[in-house]
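Structural description and commentary
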Amino acid sequence: MNCISCLQNNSLALNVYVQPRASKNRVAGMHGSAIKICVTAPPVENKANEAVINLIAELLEVPKSSVSIKSGKQGRSKKVLISNLALKEAQEALARTLSKT
């Protein structure tokens, strides 16, 4: 799974492609080398970014404080940092979710 990688400081980097103003919050599959996430929130006043953080935290079963957006806050393509989670656990959670799409 090339959408997630391990960083030096015991954190993970997840490539995400976001579709704001969707009909419901969900993981829609892959978009190139990124996981595609649909959120109902509009891309104004950081609402879509907050929805992405909430969805990823729920998906990976980590606190919202462990998830942050490193780059791409203004665009659809984002790099999301996840701290205190093993790469294998994250890959398994993503694989389970993607198998349902």
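Quick note: structure is the one above.
Values in this document were obtained by computation on a predicted structure and should not be read as measured data.

Some words on the pairing of strand β4 (residues 34–38)
- Across the 5 residues of β4, 4 count as buried, placing the element largely inside the fold.
- Judged from the 5 bridges that link them, strand β3 (residues 26–31) and β4 form a sheet pairing that is antiparallel. Within β4, the position partnered with H31 by the bridge is A34.
- Counted between consecutive antiparallel strands, the loop separating β3 from β4 contains 2 residues, among which G32 sits at a positive phi close to 65°.

Examining helix α2 (residues 87–99)
- Under the 1.5 Å per step criterion, the end-to-end length of α2 is 18 Å for 13 residues, consistent within 8% with the ideal 18 Å.
- Residues of α2 that are buried include every one of A90, A93, L94, T97 and L98, and no others. Projected down its long axis, α2 carries its buried residues within an arc of 130°, all on one side. Among the exposed residues of α2, those oriented more than 90 degrees off its buried face are K88 and S99.
- At its buried positions, α2 is contacted by β1 (4–6), β2 (11–19), β3, β4 and α1 (47–60).

Things to note about the state of the cysteines
- For the coordinates displayed, the defined rule picks out 0 disulfides.
- There is no disulfide at C6, and the cysteine sulfur nearest it, in C3, is 14 Å away.
- Free of any disulfide, C38 has its nearest neighbouring cysteine sulfur in C3, separated by 15 Å.
- Since its relative accessible area comes to 1%, C38 is described here as buried.

Examining α1
- Taking 1.5 Å per residue as the helical rise, α1 with its 14 residues ought to reach 20 Å, and the 20 Å between its terminal C-alpha atoms agrees with that figure.
- The element α1 is largely enclosed, with a buried count of 10 among its 14 residues.
- When we look at burial in α1, the residues that qualify are A48, N49, A51, V52, I53, L55, I56, A57, L59 and L60.
- The positive-phi residue at the C-terminal boundary of α1 is E61, with phi of around 55°.

Describing unusual backbone geometry
- Even without being a glycine, N10 presents a positive backbone phi close to 60°.
- Along the chain, N10 turns up in the loop between β1 and β2.
- Although it is not a glycine, N46 sits at a positive phi angle of roughly 65°.
- The residue N46 is located in the loop between β4 and α1 in this model.
- When its relative accessible area of 42% is taken as the criterion, N46 is described as partly exposed.

Procedures and definitions
- Residues numbered from 1 in each chain as written.
- Predicted model: local features only at pLDDT ≥ 70, side-chain atom pairs only at ≥ 80, totals over all residues.
- Heavy atoms only, no water.
- Buried < 20%, exposed > 50% of the residue type's maximum accessible area, 1.4 Å probe, protein only.
- Helix = DSSP H or I, 4+ residues; strand = E, 2+ residues; numbered from the N terminus.
- Pairing = 2+ DSSP bridges.
- Expected span 1.5 Å × (residues − 1).
- Arc of directions from axis to C-beta.
- Contact = heavy atoms within 4.5 Å.
- Disulfide = S-S within 2.5 Å.

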